[in-house]
Amino acid sequence: MLKLLKASPALPLIFMPLMAILLWLLAFGHFFHIDSQYQGFVYSQLVKYLSHYPQKYVAAGCITLFILQALHLNYILNRHEVLFVNTWLPSIIYVMVAAAFTPFLCLHPLLLVQSIFIFILEKIFRLYKNPETKALDFDTGMLIGVATLIYLNSIFIFLTFFVGLFILKPFHWRDSLISLLGFCTPFFILYGILFLMRIPLPPLLENGSSQIAFRIPQSASVNYTLWITIGVLVFLVILSLMKLSANFYKNVIRTRNMQQVVFILLLTTILSALFAGNVSFIRYYFICAPVSVIISYYFVATKKTILPEILFLSLLACVIYNITR
């Protein structure tokens, strides 16, 4: 199957939406719900609004958003030469990784913020050798601010932005200052509107589930049936990093820099999950994007046929089993 998907440029574009729809339909029949554990102000208001609509309409919106995320992520990978070749295989890998765990297949704040994260990643990639980045700096900061209003730990993406400034262009203090001004803008607009409408100004944090707090992952928080999937993903990430390190200096400078930014994004998302006040497994959803990019490199760059095919089918089998068990 993997060989066929790599050989045909158009086949992944057909196969990916069908796979995503099928997986979400299976999830809707078993465990789809609107997550209300996270009590940030903006997300809480959205939950109250969506609660008036049938869940099937909410699920349809989630499926559409999920597919658009996969397409947008793959588009920017091709546009900025992150994987050294143009292919739509990463969109399928993203769908598989993001649907590998049943808690992810519901409406939760990280699903909404993931779309913003992909826009932020595109803005960071556009910093490469760009002589005029003031607009990009402000837009990136504003997007991070909007994401933070929805999910507090989105603020950690600033680390990716700041490190990306060092990697992709000569660093200047004005870039950081402009991005911070952009970050404050959504907060100013939201609280300004609430003040003018004489609505009591709410706190950004309503209870402990919304706060930033360091929590070491505990094995008890993961269902034992998910450990096989985690093992397959970890093994794929290790193989991918080994392949990346072996081919690192064979790539052009642009590709090398973009791959470094993706690796920093992986570390940032892991840090965001470790400092999530919410103990739910959903806090690991952000890791799906960088993991899918890194794993995609292995499937695209490796010249072997048997092992990648086995690993691809194993990951697909894990996804289907976790949803249908």
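The sections below set out a description of the structure shown in this document. If you're wondering where the values come from, they're calculated on a predicted model, not measured in any experiment.

## Concerning the overall build of the protein chain
Looking only at helices and strands, one finds 13 helices and zero strands in the protein chain. Listing every helix and strand of the protein chain by position from the N terminus yields α-α-α-α-α-α-α-α-α-α-α-α-α. A total of 325 residues make up the protein chain; the buried ones form 54% of that total. Summarising the internal contacts of the protein chain: among those between residues at least 6 apart in sequence, 80% fall at separations of at least 24.

## Structural notes on the pattern of salt bridges
Taken as a whole, this structure holds four salt bridges when the rule is applied. A salt bridge links E122 to R79, with the shortest nitrogen-to-oxygen separation between them at 3.1 Å. With E122 in helix α6 (residues 109-125) and R79 in helix α4 (residues 55-79), the pair connects residues that are 43 residues apart, well separated along the chain. Relative accessible area serves as the criterion here: at 10%, E122 is assigned to the buried category. Judged by relative accessible area, which is 44%, R79 ranks as partly exposed.

## Things to note about the packing of helix α2 (residues 11-30) against helix α5 (residues 89-98)
Direction vectors running N to C along α2 and α5 enclose 10°, while the axes themselves pass 9 Å from each other. Classified by the angle between their axes, α2 and α5 sit roughly parallel to one another. Residue-level inspection shows P12, F15, M16, M19, A20 and L23 of α2 in contact with α5, the latter providing L89, S91, I92, V95 and M96. Classifying every residue of the contact of α2 with α5 gives ten nonpolar, one polar and no charged.

## Observations regarding the packing of aromatic side chains
One pair of aromatic rings is described through two measures. These are the centre distance and the angle between the planes. Following the criterion strictly, the structure yields 22 aromatic pairs and no others. Geometrically, the ring pair formed by F161 and F162 is tilted, given 5.7 Å between the ring centres and 55° between the ring planes. The class for F161 is buried, based on a relative accessible area of 0%. Residue class for F162 comes out partly exposed when judged on its relative accessible area of 26%. Members of the aromatic cluster, connected to one another through ring pairs, are W24, F28, F32, F66 and Y94. In this structure, R256 is placed above the aromatic ring of F248, and the distance from its NZ or CZ to the ring centre is 5.7 Å.

## Details of the nonpolar core
In terms of nonpolar packing, the biggest core is built from 107 residues, with F66, L73, L107, Y285, I295 and F299 touching the most fellow members. Beyond its immediate chain neighbours, meaning those up to four positions away, Y285 contacts F66, Q69, Y94, A98, F104, H108, L110, L111 and Q114.

## What about the environment of L177?
Here L177 lies in helix α9 (residues 173-196). Given the relative accessible area of 42%, L177 is considered partly exposed. Taking the C-alpha atoms as reference points, L177 and F138, separated by 39 residues in sequence, lie 8.9 Å from one another.

## A word on the layout of surface pockets
The space that makes up the second largest pocket amounts to roughly 180 Å³. For the lining of the second largest pocket, the secondary-structure elements that each account for two or more residues are α10 (227-247), α11 (253-274) and α12 (288-301). The leading source of residues in the lining of the second largest pocket is α11, at four residues. When its residues are assigned to classes, the lining of the second largest pocket shows ten nonpolar, three polar and no charged.

## Let's talk about the side chain of D137
Inspection of the secondary structure assignment puts D137 in helix α7 (residues 134-150). Contacts of D137, omitting those with residues within four sequence positions, involve L127, F161, L165, D175, I178 and S179.

## Examining helix α8 (residues 157-168)
For α8, with twelve residues, the first-to-last C-alpha span of 16 Å sits near the 16 Å given by 1.5 Å per residue. Within the sequence span of α8, burial applies to I157, F158, T160, F161, G164, L165 and L168. The buried residues of α8 occupy an angular sector of 155° when the element is viewed end-on, so they sit on one face. If you follow the buried residues of α8, they end up packed against α6, α7, α9 and α11.

## A word on unusual backbone geometry
Apart from glycine, the bulk of residues carry a negative phi angle, and the bulk of peptide bonds sit in the trans form. If you check the backbone angles, F84 has positive phi at about 65° while not being a glycine. Relative to the elements of secondary structure, F84 occurs in the loop between α4 and α5. The phi dihedral of K129 falls on the positive side, at around 50°, and the residue is not glycine. Structurally, the position occupied by K129 is in the loop between α6 and α7.

Rules used throughout
Residues numbered from 1 in each chain as written. Predicted model: local features only at pLDDT ≥ 70, side-chain atom pairs only at ≥ 80, totals over all residues. Heavy atoms only, no water. Helix = DSSP H or I, 4+ residues; strand = E, 2+ residues; numbered from the N terminus. Buried < 20%, exposed > 50% of the residue type's maximum accessible area, 1.4 Å probe, protein only. Contact = heavy atoms within 4.5 Å. Salt bridge = Lys/Arg side-chain N within 4 Å of Asp/Glu carboxyl O. Axes fitted to C-alpha atoms, helices over the stretch in contact; angles between N-to-C directions. Parallel < 35°, antiparallel > 145°, perpendicular 65-115°, else oblique. Nonpolar A, V, L, I, M, F, W, Y, C, P; charged D, E, K, R; others polar. Phe/Tyr/Trp six-rings, centres within 6.5 Å; stacked < 30°, edge-to-face > 60°. Lys NZ or Arg CZ within 6 Å of the ring centre and 35° of its normal. Core = buried A, V, L, I, M, F, W, Y, C linked by side-chain atoms within 4.5 Å. 1 Å grid on protein atoms, 1.4 Å probe; cavity = no way out; pocket = protein on both sides within 12 Å on 5 of 7 lines; lining within 4 Å. Points joined across faces, edges and corners; volume = space filled by probe spheres on them. Expected span 1.5 Å × (residues − 1). Arc of directions from axis to C-beta.

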